[in-house]
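Here's the letter readout for the chains.
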Amino acid sequence: MGTYYLTVFEKNGEKLLDESFEAQSENEAKEIGQRKLEEQNYTDKTHRCTSSAGKLVLFGR
């Protein structure tokens with residue numbers, strides 16, 4: 001199981017969300033990250049989800 005970090009930004013650079021979660025794989029992390037964005041209505045905001053190794057698994061502008 002790996003640790004992943006989901007961050008959401010406002011256009012001015014302000015962080016709206018900065019949280020970590022665990023997932024079994026990158027695909028699962030991408031699904032969890034997408035679900036969290038949808039639940040909090042952040043799908044239209046700039047966001048990224050990275051692994052603890054720094055690999056980008058989800059990104060949106």
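Above this text is the structure in question.
Residues numbered from 1 in each chain as written. Predicted model: local features only at pLDDT ≥ 70, side-chain atom pairs only at ≥ 80, totals over all residues. Heavy atoms only, no water.

Chemist: What exactly am I supposed to notice about the overall build of the protein chain here?
Modeler: The helix and strand tally for the protein chain stands at one helix and four strands. Projected onto the principal axes, the alpha-carbon positions of the protein chain cover approximately 35 × 20 × 15 Å. Per element, the accessible surface of the protein chain, about 4,100 Å² overall, is 39% carbon and sulfur. In the protein chain, 9 side chains carry a positive charge and 11 a negative one; their mean positions are 6 Å apart. (Helix = DSSP H or I, 4+ residues; strand = E, 2+ residues; numbered from the N terminus. Areas by Shrake-Rupley, 256 points an atom, 1.4 Å probe, with all protein chains shown as cover. Lys, Arg positive; Asp, Glu negative; His and termini not counted. Charge placed at Lys NZ, Arg CZ, Asp CG, Glu CD.)

Chemist: How should I be thinking about helix H1 (residues 26-39) in this particular structure?
Modeler: Between its first and last C-alpha atoms H1 spans 20 Å; for 14 residues at 1.5 Å apiece the expected length is 20 Å, and the two agree. Residues Ala 29, Ile 32, Gly 33 and Leu 37 constitute the buried set of H1. What you see down the axis of H1 is that its buried residues fit within an arc of 135 degrees, all on one side. In H1, the exposed residues that point more than 90 degrees away from the buried face are Asn 27, Glu 31 and Glu 39. (Expected span 1.5 Å × (residues − 1). Buried < 20%, exposed > 50% of the residue type's maximum accessible area, 1.4 Å probe, protein only. Arc of directions from axis to C-beta.)

Chemist: Explain the nonpolar core to me, please; I cannot follow it from the model alone.
Modeler: Soluble, globular proteins show a tendency: their nonpolar side chains are buried together. Counting 13 residues, the largest nonpolar core has Tyr 4, Leu 6, Phe 21, Ala 23, Leu 37 and Cys 49 as its most contacted members. Contributing elements (two or more residues each) for this core: strand S1 (2-9), strand S2 (15-23), H1 and strand S4 (56-60). In this structure Tyr 4 touches Glu 19, Ser 20, Phe 21, Ala 23, Ser 25, Glu 26, Ala 29, Cys 49, Thr 50, Ser 51 and Val 57, once residues within four positions along its chain are discounted. (Core = buried A, V, L, I, M, F, W, Y, C linked by side-chain atoms within 4.5 Å. Contact = heavy atoms within 4.5 Å.)

Just distances and angles here, no functional claims.
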